Amino acid sequence: MRQVQQVRRDRLRPYHLQPRLYDKAPACEYSAVELCPSFFQPFLDVATTEDSVTMGQTASRINNLFRRKCSATPSPDHEDDAQVSQEDTTFLIPSAVVPSYPLATPRSPLRRGTRPLDLSEISPARPPSKRLKGDIQYLDFPVLKSDETIKFVQNSKIMLILKGIPGSGKSFIAQKIKEVYEDAVVCSADSYFMRDGEYQFDRDQLKEAHEFCQHTASEAAKEGLHVIVIDNTNVRNWEMKYYLDLAKEHHYIPLVMETQTPWAMDSRELALKNSHDIPQKIIAQKVKSYQPVQPIYYGWFINEVDSKKIYSMGQEWLQQILNVDDFFQDFSQNTQLDSGEEILKFFSLDSDAEGKTLHATAKFTGRGKQHGAMEYMKNSIIRRAMGQCFQLHIIGFVITPRTFGARLKLTWEELELWGNDDNEDPPESVFQPVVSRKDNVNCEEQPQEFPNNMEQNDITNKCKRAGCQLTCRVVDAEIGEDRFHPTSGNGSRAHLTLAYAPTVKPVCTGFDLISAVKCEQRAFSKGMSTDSQLEDQKVETYNIRGGVLRNYGEGTWVVYPEKELVVSSMFSAFY
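What counts and how
- Residues numbered from 1 in each chain as written.
- Predicted model: local features only at pLDDT ≥ 70, side-chain atom pairs only at ≥ 80, totals over all residues.
- Heavy atoms only, no water.
- Helix = DSSP H or I, 4+ residues; strand = E, 2+ residues; numbered from the N terminus.
- Buried < 20%, exposed > 50% of the residue type's maximum accessible area, 1.4 Å probe, protein only.
- Contact = heavy atoms within 4.5 Å.
- Areas by Shrake-Rupley, 256 points an atom, 1.4 Å probe, with all protein chains shown as cover.
- Arc of directions from axis to C-beta.
- Axes fitted to C-alpha atoms, helices over the stretch in contact; angles between N-to-C directions.
- Parallel < 35°, antiparallel > 145°, perpendicular 65-115°, else oblique.
- Nonpolar A, V, L, I, M, F, W, Y, C, P; charged D, E, K, R; others polar.
- Core = buried A, V, L, I, M, F, W, Y, C linked by side-chain atoms within 4.5 Å.
- Salt bridge = Lys/Arg side-chain N within 4 Å of Asp/Glu carboxyl O.

S.K.: Can you walk me through the overall build of the chain in this structure?
M.R.: Along the chain, the regular secondary structure elements total 20 helices and 17 strands. A burial count over the chain gives 47% of its 575 residues as buried. For the chain, restricting intrachain contacts to residue pairs at least 6 apart in sequence, the fraction spanning at least 24 positions comes to 75%. When the accessible area of the chain is evaluated, it comes to approximately 31100 Å², of which 49% is carbon and sulfur surface.

S.K.: I tried to follow helix 6 (residues 147-154) on my own but got confused; where do I start?
M.R.: At 3.6 residues per turn, the α-helix brings residues three or four places apart onto the same side. Turning to helix 6, its buried residues are Thr149, Ile150, Phe152 and Val153. Mapping the buried residues of helix 6 onto a view down its axis gives an arc of 160°, with all of them on the same face.

S.K.: I keep staring at the packing of helix 8 (residues 206-223) against helix 9 (residues 241-249) and nothing clicks. Help me out?
M.R.: Helix packing geometry: the angle between the two helix axes and the distance between the axes. The interhelical angle for the contact between helix 8 and helix 9, taken along N-to-C directions, is 10°, at an axis separation of 10 Å. As the angle between them shows, helix 8 and helix 9 are arranged roughly parallel. Here His210, Cys213, Gln214, Ala217, Ser218 and Ala221 of helix 8 come into contact with helix 9, specifically with Tyr242, Tyr243 and Leu246. Across the contact of helix 8 with helix 9, the residue classes break down as six nonpolar, three polar and no charged.

S.K.: What exactly am I supposed to notice about the environment of Phe390 here?
M.R.: Residue placement: Phe390 occurs in strand 9 (residues 389-399). Using a relative accessible area of 5% as the deciding quantity, one classes Phe390 as buried. Taking C-alpha positions, Phe390 is 6.1 Å from Met570, a pair spaced 180 residues apart along the chain. Contact partners of Phe390, with chain neighbours within four places excluded, come to Trp300, Ala385, Glu413, Glu414, Leu417, Val567, Ser568, Ser569 and Phe571.

S.K.: Could you clarify how one ought to interpret the nonpolar core in this entry?
M.R.: Across soluble globular proteins, you tend to see nonpolar side chains buried next to one another. If you look at the biggest cluster of nonpolar residues, it comprises 98 residues, and the most contacted ones within it are Trp300 and Phe571. If you look at the next biggest cluster of nonpolar residues, it comprises 10 residues, including Leu513, Ala516, Cys519 and Ala523.

S.K.: Which parts of the structure should I look at to understand unusual backbone geometry?
M.R.: What you tend to see is this: most non-glycine residues have negative phi, and most peptide bonds are trans. Its identity is not glycine, yet Arg367 carries a phi of approximately 60°, on the positive side. Structurally, Arg367 is set in the loop between strand 8 (359-364) and helix 16 (373-378). Residue classification places Arg367 among the partly exposed positions, given a relative accessible area of 44%. Backbone geometry places Thr503, a non-glycine residue, at a positive phi of 70°. Position of Thr503 relative to the elements: it lies in the loop between strand 12 (495-500) and helix 20 (508-525).

S.K.: Looking at this structure, how should I read the pattern of salt bridges?
M.R.: Side chains that differ in charge, positive against negative, can pair when their charged atoms come close. This structure, assessed with the given rule, holds 11 salt bridges. Across the salt bridge formed by Asp140 and Lys145, the nearest N and O atoms sit 2.2 Å from each other. For Asp140, a relative accessible area of 36% gives the class partly exposed. Between Glu219 and Lys222 there is a salt bridge whose closest N-O contact spans 3.9 Å. Of this pair, Glu219 and Lys222 both sit in helix 8, separated by three residues, roughly a single helical turn.

Rendered as structure tokens:
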């Protein structure tokens, strides 16, 4: 306290008589308060008014605050003046070098102060995130580091199939997946050989081990658990077939994750790093027989609940436009159906071919056989996007006697992944004569996806209990001058196939959309805003509840809703 009083007396001296930093005096002759009185005044007030705060605590506060505010490093000329003796530890002069002795030596036991908490010292709270933090080298997977993708996975049913040679990092990836998704089920043939915490491999029981892994995955899929991890080598692509079929049967979105380590194909390094002491000779054989992933097509996949919702909304639009007499008569003439109920039953999804989860194809690769497929599969943008969540915008519906599809408007990020030809001419083998169900199957006997709303609700509730949640939402559409030609050029073929007629292939939906886009462009180029004659086809417009219906002739009908439907999806592939 005597020192504090002395400092206060010094402050009353005239400026030219006050001690200065450059005076040749011992280092401990002048205190920090004398050198910078205006800075330390608030702390002097605290020291004199609050008895509960000791001098040691005051020194610590001064040191911390001064370090935050002082970023300049003292010049060499000042280093001698910036020293503090061990006898005077009341105040600390800031310096760039952290002293080796304690910052403060309290003369009495420290007691908790009563200084009120300043709200500015508290950083705003952030919502907890389970994504991996810190060093995530060789873990560049959206399912591990993207908050948006993690949220989508938690609301969906995803099967993560790991692929890589022993020692390449598969188990490490599985461990990190388990950290992000605590309730994920990891299925591995290696688990069969674990005995009392030790790995005891027996080649004679290899078949039983894989059967055990398949059984574990099957039980998890039946329960509808939202994340299933297959932690096997899957060196050859046929080894994944069981799990891909399982994902399709139980409506999971499959995602194959190949290891990203630099030594993933280095037999020498793999022999050193694998945890089961597999010799290099066997590792080299696996490297030689390794088959890269070659999907049939890439695209955006929608979870089961959202697929049911979109299909249901499509049926509601179809029921509404059946009340338009011109549509009913045109459709009846093309399909030879006599009632609205028969028309509703005319379309159906082929569950054996596509499953009950909707998808939008970004590129048909045909396992690398299609034109440009290999370049697409090797593209770094495509590889980085695998497993990433994207928001799809449904802006309308296209209906023909062959197909019923939802029309998409892709964002610029999604257009980077688009690889289909938007002006492709359909091959002759694609379009078959439309056959009415009356010609081959009785409509009353034809099974339906959703016989009634009760069944649909039961399926939706079951998916929700299992962790599959609805992500789609309705937003206002941007209605402008391009309302009747919302897409053109790159990405205008993007769609979701909701249903198709008997003998018609799902790929026809895209060709029907290409035809509709061409009709829109011709109508727009003629400046047509009302009904008029366009060469040999007549464009007719009908106002319906919630939007506009247009007939472009030759059985092509397009719905332009007043609102858009936005739904979450995952960019993956079908194998």
